[in-house]
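Chain by chain, the residues:
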Amino acid sequence: MQEKNYKEIEAGTALTELKRKIPYGWDLNIYRGCQHMCQYCYAMYSHKYLGSDDFFNDIYVKTNIVEALEKQLSQENWKREVINIGGVTDSYQEAEAIYQLMPGILKLMIKYKNPIIISTKSKLVLRDYDLIDELAQLTYVNIAATITTMDEGVREKIEPESCSGQERFGVLKEFRKTQASIGVHVMPIIPLLTDGEENMDAIISNAKDCGADYLLPGTLYLRGDTRKHFLAFMEEEYPQLFDDFELLYKTGGADKAYKTKLYVRVNALRDKYQVSSSYMKPMREKMK
Ligand code: SF4
């Protein structure tokens, strides 16, 4: 693994308001850049605003994030809306083992009884199990693991610095013991590479087995820097798939007919294992 360059910065504000409530309205990201090195990462483009072209190795750390967050949460007009932690970059990437900013954030969420979603591909989230458990007794907490493949050979290529799919399910199983809801985000499904019946079946059956409240699938979207990077990756690592793959990606989204067929298969598997696709249900129950 290449050595990382950590660059400490100050955040003006901790929370970013989203234009579209989906259905949460706020994002919190501690780090800019991400060490998991997912070859399809949608956030790659954001690094050029920082003057860096190395999204995976130049990691910017918002060292004052806890103080900045408290300023926002303590405002009288703050309505305790759901905050999505790690919507752009993973808050439990390797840098978090060094900077340890999440415990301070979680303590604030407990103090203000603020509902949250944590999306991660990392086992490090287990370090904060007790804090997350405590918060889940007070308000809505959702722990979502993004799981794209159960094939370790593929995972080591597409997400080389993250943990295995099996370990991510292990994380969800632990949080199943708390009052947090747990979800599986099968995003992105990569045509020809991770969309096979065996892989989809393995992910959805594991989601059932760990008691996931919901499973959300989504196909790969390619544009800008991510498109350039991912096409080069496919050509290098999977030359035998490349031509067919490129044909499916004439535009940003995968070919429509392909997607229709894919979702028929995925929905059939969800029905077979009776895994819901509604992430709203646990939120509505806990927030009423
Ligand atoms: S974990 Fe998320 S932010 Fe990090 S590299 Fe992967 S896709 Fe990008």
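Refer to the structure above for everything that follows.
Definitions and cut-offs
Residues numbered from 1 in each chain as written. Predicted model: local features only at pLDDT ≥ 70, side-chain atom pairs only at ≥ 80, totals over all residues. Helix = DSSP H or I, 4+ residues; strand = E, 2+ residues; numbered from the N terminus. Rg over C-alpha atoms; globule rule 2.2 N^0.38 Å. Buried ≥ 20, exposed ≤ 12 C-beta atoms within 10 Å, placed from the backbone. Contact = placed C-beta atoms within 7 Å. Pairing = 2+ DSSP bridges. Axes fitted to C-alpha atoms, helices over the stretch in contact; angles between N-to-C directions. Expected span 1.5 Å × (residues − 1). Near = placed C-beta within 6 Å. Nonpolar A, V, L, I, M, F, W, Y, C, P; charged D, E, K, R; others polar.

**Q** I keep staring at the overall build of the chain and nothing clicks. Help me out?
**A** Across its full length, the chain holds eleven helices and ten strands. Its C-alpha atoms give the chain a radius of gyration of 19 Å, within 12% of the compact-globule value 19 Å for 288 residues. Expressed along its principal axes, the backbone C-alpha trace of the chain runs to roughly 55 × 45 × 30 Å. Going through the 288 residues of the chain one by one, you find that 41% of them count as buried. In the chain, once contacts between residues fewer than 6 apart in sequence are set aside, the share between residues at least 24 apart is 82%.

**Q** What's the story with the sheet that holds strand S8 (residues 141–146) in this structure? I'm lost.
**A** In a beta sheet, neighbouring strands pair by backbone hydrogen bonds and run either parallel or antiparallel. Here seven strands make up an open sheet; going across it, the order is S2-S3-S6-S7-S8-S9-S10 and the pairing mixed. Strands with a single pairing partner mark the edges of an open sheet, and in this sheet they are strand S2 (15–17) and strand S10 (214–219). This sheet shows a mean twist of 25° between the axes of neighbouring strands, independent of strand direction. Across five bridges, the pairing between S8 and strand S9 (residues 181–189) is parallel. What sits directly across from Ala145, in S9, is Val184.

**Q** Just to check I follow, could you spell out helix H8 (residues 224–237) for this structure?
**A** Given 3.6 residues per helical turn, the α-helix brings residues three or four places apart onto the same face. In this model H8 runs 20 Å from its N-terminal to its C-terminal C-alpha over 14 residues, within 8% of the 20 Å that 1.5 Å per residue would give. Those residues of H8 that are buried are in contact with helix H9 (239–248).

**Q** Would you mind going over unusual backbone geometry with me for this structure?
**A** Negative phi is the rule for most residues except glycine; trans is the rule for most peptide bonds. Pro188 follows Met187 through a cis peptide bond whose omega is 0°. With respect to the helices, strands and loops of the structure, Pro188 is situated in strand S9. Positioned with a positive phi, Arg80 is a non-glycine residue whose angle comes to about 55°. By the element assignment, Arg80 lies in the loop between helix H1 (65–73) and strand S6 (83–85). Its 14 C-beta neighbours within 10 Å are what place Arg80 among the partly exposed residues. Positive phi, close to 70°, is recorded for Leu192, a residue that is not glycine. One can find Leu192 in the loop between S9 and helix H7 (197–209).

**Q** How do you make sense of the site of the ligand when you look at a structure like this?
**A** Near the ligand, the surroundings consist of Cys34, His36, Met37, Cys38, Cys41, Ala43, Thr89, Asp90 and Lys121. When its residues are assigned to classes, the shell around the ligand shows five nonpolar, two polar and two charged.

**Q** In this structure, what is going on with helix H6 (residues 165–176)? I would like to understand it.
**A** Taking 1.5 Å of rise per residue, the twelve residues of H6 would be expected to cover 16 Å, and the 17 Å separating its terminal C-alpha atoms lies within 8% of that figure. Of the surrounding secondary structure, the elements contacted by the buried residues of H6 are S8, helix H5 (152–158), S9 and H7.

**Q** What's the story with the environment of Glu285 in this structure? I'm lost.
**A** Take Glu285: it is sitting in helix H11 (residues 280–287). Note: C-alpha distance between Glu285 and Val264 (21 residues apart in sequence) is 29 Å.

**Q** Before we go on, may I ask you to explain the pairing of strand S7 (residues 116–120) in this structure?
**A** Consecutive side chains along a regular strand alternate between the two faces of the sheet. In terms of burial, S7 is a largely internal element, five of the five residues being buried. Taking every second residue as pointing to the same face, both faces of S7 are buried, with Ile116, Ile118 and Thr120 on one and Ile117 and Ser119 on the other. Looking at chain direction, S6 and S7 are connected through three bridges and run parallel. From the neighbouring strand, Ile85 faces S7, where its bridge partner is Ile118. Two strands pair when backbone bridges link them, and S7 and S8 are joined in this way by five bridges, in the parallel orientation. Residue pairing for S8: Ile117 is matched across the bridge by Asn142.

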